[in-house]
Amino acid sequence: MENSEPDPSRQRNGVVGVLYGEFTDALNDRLRYSVSLTQSCLTVRRICASPGGAKMVFNLTDCVGCRAHRGPDDADVCAYFTAYFYPLQRRWVGSGVARQRVEQRFRVALVQDPLANLREAERWARCIRDASMLQAPRRDGVVYTQVRRPCRVMILVNPHSGRGQALQRFTAHVQGMLTEAVVPYTLVITVCPENVLSCLFCPLGVPSEHQNHARELARKADLSRWDALVIMSGDGLLFEVINGLMEREDWQEAIRTPVGILPGGSGNALAASVHHYSQSPPAWNEELLLSCGFLLCKGLVGSMDLVSVHLASRQRLFSFLSLAWGFVADVDAESEKYRHVGAIRFLMGTLARLASLRVYRGRLAYLPATEAPKPPAGGTTAHPPTSSLCSSLLCRLLPDTPPNQNSFHNHNSTKQNRYTITNASNFAISNKTPETSSHEDSLLPGLEQPVPGSWTVVREEDFVLVLAIYQSHLAEDLWAAPGAMPDDGVIHLFYVTAGISRPALLRLFLAMEKGGHLACACPHLVYEKVRALRLEPVSPEGRITVDGETVEYGPVQAQIHPGLARIICG
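Residues numbered from 1 in each chain as written. Predicted model: local features only at pLDDT ≥ 70, side-chain atom pairs only at ≥ 80, totals over all residues. Heavy atoms only, no water.

Chemist: Lay out the overall build of the protein in plain terms, naming residues and giving numbers.
Modeler: Per the secondary structure count, the protein includes twelve helices and 27 strands. For the protein, the residues scored as buried account for 54% of the 570 residues in total. (Helix = DSSP H or I, 4+ residues; strand = E, 2+ residues; numbered from the N terminus. Buried < 20%, exposed > 50% of the residue type's maximum accessible area, 1.4 Å probe, protein only.)

Spelled out as structure tokens, the structure:
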């Protein structure tokens with residue numbers, strides 16, 4: 001069935017492949033198919049009397065797994081292999097495309113020996129799995145590693161996050177996909193009744209209720225048992241896990257544990273960002289969950305920046321998403337009472353806050369980022385070397401344009417309420433070398449000390465909002481930083497000054513749904529790429545959030561640590 005040279009039957013069916021076979025349909029043995037596996041696709045053509053039978057081509061980039069099995073009837077000598085694909089297809093309702101599940105099952109009946117048929121089915125399943133592992137959605141210029149296979153995954157699910165449907169959505173959409181991809185996992189259910197985080201480790205069935213359990217779990221867990229930690233919740237639970245990992249004595253190794261995200265909350269900012277980085281069309285709700293589950297099954301791992309945040313009390317936090325003051329922080333915290341309606345809570349909170357728009361007075365300073373030089377042409381590629389497949393497939397296939405982003409207020413701005421002090425010796429940003437030798441914040445002086453002369457200082461003024469973000473999305477439907485990447489080594493700083501009208505502010509947030517707010521030419525919106533920042537509120541009352549979590553109000557400063565963590569992405 002497998003030869004080093006194409007046989008006449010392969011040429012007759014129009015496909016010259018590496019692995020070729022003829023099988024019947026799993027449900028109708030009168031339907032026969034010729035099946036050909038190449039390096040990049042699985043081609044299925046119906047065999048019929050008339051030439052040119054219907055052909056289906058399945059891209060292995062969309063394949064999460066393949067399994068071989070016997071039939072339910074012991075008297076059945078046939079074996080079966082089933083391949084699972086999640087290609088981008090047109091939506092059943094509405095326009096555009098989204099990932100949808102497609103299953104292809106074939107009956108193997110070469111001989112009357114059931115074991116021989118099962119061996120052949122296993123051979124095909126193994127080849128399809130091995131080939132699909134080399135095909136995964138990748139961004140150009142990014143070096144990926146891969147989660148070890150077979151992998152051991154801990155999945156933390158908060159059933160009360162968002163609309164309280166995370167556990168049901170995991171069971172309905174993710175559990176089966178992980179089984180198809182042969183990803184073994186241990187499920188940890190976390191619940192948060194009245195700000196108390198408790199953890200129910202499923203096999204035990206006994207809750208252990210105390211605050212910050214997820215943080216403690218990450219701090220004390222034996223990470224040698226796990227190849228990845230996956231969060232299905234809002235962004236707050238991952239915030240706990242990240243800080244738990246950074247509090248360990250072996251933090252340098254612990255923070256390199258790949259983390260994955262499955263949307264289970266209201267905002268789902270990191271999940272929307274990871275989906276965006278895979279260069280897939282926009283997705284929301286169950287479609288976003290399916291996309292993130294697909295990326296989890298493919299198992300590609302990339303670098304992710306973390307930001308070290310210092311509070312006035314000398315507490316230090318690590319952030320993966322955002323630091324906010326003013327309007328955004330108010331909406332995030334005040335919309336909690338609308339949590340039961342899901343992601344629309346942020347729209348409701350925005351409208352409520354617009355009705356009584358607040359202005360905050362404070363001081364802002366930042367260290368501008370100097371872009372890293374682009375690698376020369378012909379340099380190291382992000383993709384693994386690809387070799388042509390031959391008859392020894394089993395040996396060869398081993399796993400191994402956004403909107404305008406220009407700022408309308410740059411460093412040469414003549415805006416009267418700003419002055420700039422720059423230093424030409426600013427270091428270039430490198431997003432390839434993780435800062436694993438030390439996590440000291442070398443760019444930050446003490447909060448009681450003045451900022452260095454190389455920083456840009458914004459004169460004390462009234463702000464409507466200050467937002468420092470290091471992912472592309474602030475929520476599922478808020479594309480806040482169109483140019484952001486998880487490992488670009490910069491903080492994307494936005495601030496809006498007082499004087500903006502309510503309709504203009506609303507237009508900015510409506511435009512943010514498609515990442516078009518920077519093209520609105522709003523004179524009150526300023527955007528900068530920075531490496532570090534300091535915010536000193538002067539208004540006696542206000543709110544500051546880190547990754548959506550409210551922290552103590554007062555002076556705060558932050559610094560980027562390029563590539564410190566690892567994220568399962570595509």
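Once you've had a look at it, read on.
Chemist: Outline empty space enclosed by the protein, supporting the account with residue identities and numerical values.
Modeler: Taken as a whole, the largest cavity encloses approximately 110 Å³ of empty space. If you list the elements that add at least two residues to the lining of the largest cavity, you get β22 (456–469), β23 (491–497) and α12 (502–511). Counting residues per element, the lining of the largest cavity draws most heavily on α12, which supplies three residues. Residue classes in the lining of the largest cavity are distributed as ten nonpolar, one polar and no charged. (1 Å grid on protein atoms, 1.4 Å probe; cavity = no way out; pocket = protein on both sides within 12 Å on 5 of 7 lines; lining within 4 Å. Points joined across faces, edges and corners; volume = space filled by probe spheres on them. Nonpolar A, V, L, I, M, F, W, Y, C, P; charged D, E, K, R; others polar.)

Chemist: Got a sec to walk through the packing of helix α3 (residues 166–180) against helix α8 (residues 285–298)? Specific residues and values, please.
Modeler: As a packed pair, α3 and α8 sit with axes 10 Å apart at the nearest point and diverge in direction by 25 degrees. The pairing of α3 with α8 is recorded here as roughly parallel in orientation. Seen from above, α3 lies across α8 with right-handed handedness. Where α3 approaches α8, its residues R169, H173, V174, M177 and L178 are matched on the opposing element by N285, E286, L289, L290, G293, F294, L296 and C297. (Axes fitted to C-alpha atoms, helices over the stretch in contact; angles between N-to-C directions. Parallel < 35°, antiparallel > 145°, perpendicular 65-115°, else oblique. Left-handed = near helix turned anticlockwise from the far one by under 90°. Contact = heavy atoms within 4.5 Å.)

Chemist: Run through the sheet that holds strand β6 (residues 79–85), naming residues and quoting values.
Modeler: Overall, antiparallel pairing links the seven strands, which are arranged β4-β3-β2-β1-β9-β6-β5 in an open sheet. Only two strands of the sheet have a single neighbouring strand rather than two, namely β4 (55–59) and β5 (63–70). If you compare each strand with its neighbour and ignore which way they point, the axes differ by 30 degrees on average. Judged from the six bridges that link them, strand β1 (residues 19–25) and strand β2 (residues 32–37) form a sheet pairing that is antiparallel. Residue pairing in the sheet places T24 in a bridge with R32 of β2. (Pairing = 2+ DSSP bridges.)

Chemist: Describe the pattern of salt bridges, and please don't skip the residues or the numbers.
Modeler: Counted according to the given criterion, the structure contains 24 salt bridges. Among the salt bridges present, the one from E247 reaches R219, with a minimum N-O distance of 2.8 Å. Placement of the pair is E247 in the loop between α5 (235–246) and α6 (251–254) and R219 in helix α4 (residues 213–220), with a sequence separation of 28 residues. Looking at R219, the relative accessible area reads 31%, which means it is partly exposed. Taken together, the salt bridges that share partners define one network made up of D330, E334, R353, R358 and R543. (Salt bridge = Lys/Arg side-chain N within 4 Å of Asp/Glu carboxyl O.)

Chemist: Just give me the short version of the nonpolar core, but keep the residues and values in it.
Modeler: With 99 residues, the main nonpolar core has L238, I255, F320 and L323 as its most contacted residues. Ranked by the residues each element gives to this core, the list is headed by α8, at eight residues. With sequence-adjacent residues up to four places away left out, F320 is seen in contact with D235, L238, F239, I242, L270, M304, D305, L306, Y470, Q471 and D547. Residues V331, L474, L478 and A481 belong to the second largest nonpolar core, which totals 28 residues. (Core = buried A, V, L, I, M, F, W, Y, C linked by side-chain atoms within 4.5 Å.)

Chemist: Break down helix α2 (residues 114–133) for me, with residues and values.
Modeler: With 20 residues, α2 ought to run about 28 Å at 1.5 Å a step, and its terminal C-alpha atoms sit 28 Å apart, in line with that. By the N-cap criterion, in which a side-chain oxygen at the helix start approaches the backbone nitrogen of a residue two or three places on, α2 is capped by D113, the distance to L115 being 3.1 Å. (Expected span 1.5 Å × (residues − 1). Polar contact = N/O pair within 3.5 Å; in protein donor to acceptor, adjacent residues only side chain to side chain.)

Chemist: Give me the lowdown on unusual backbone geometry, citing residues and values where you can.
Modeler: With the exception of glycine, most residues fall at negative phi, and the peptide bonds are largely trans. With an omega dihedral of -10 degrees, the bond running from R149 to P150 counts as a cis peptide bond. Along the chain, P150 falls in the loop between β10 (145–146) and β11 (153–157). Residue V182 is not a glycine yet carries a positive backbone phi of 55 degrees. As for its placement among the helices and strands, V182 is situated in the loop between α3 and β12 (185–191). Despite not being glycine, A521 has its phi angle at roughly 55 degrees, a positive value. On the secondary structure map, A521 appears in the loop between α12 and β24 (525–537).

Limitation: the analysis is restricted to geometry and does not speak to function.
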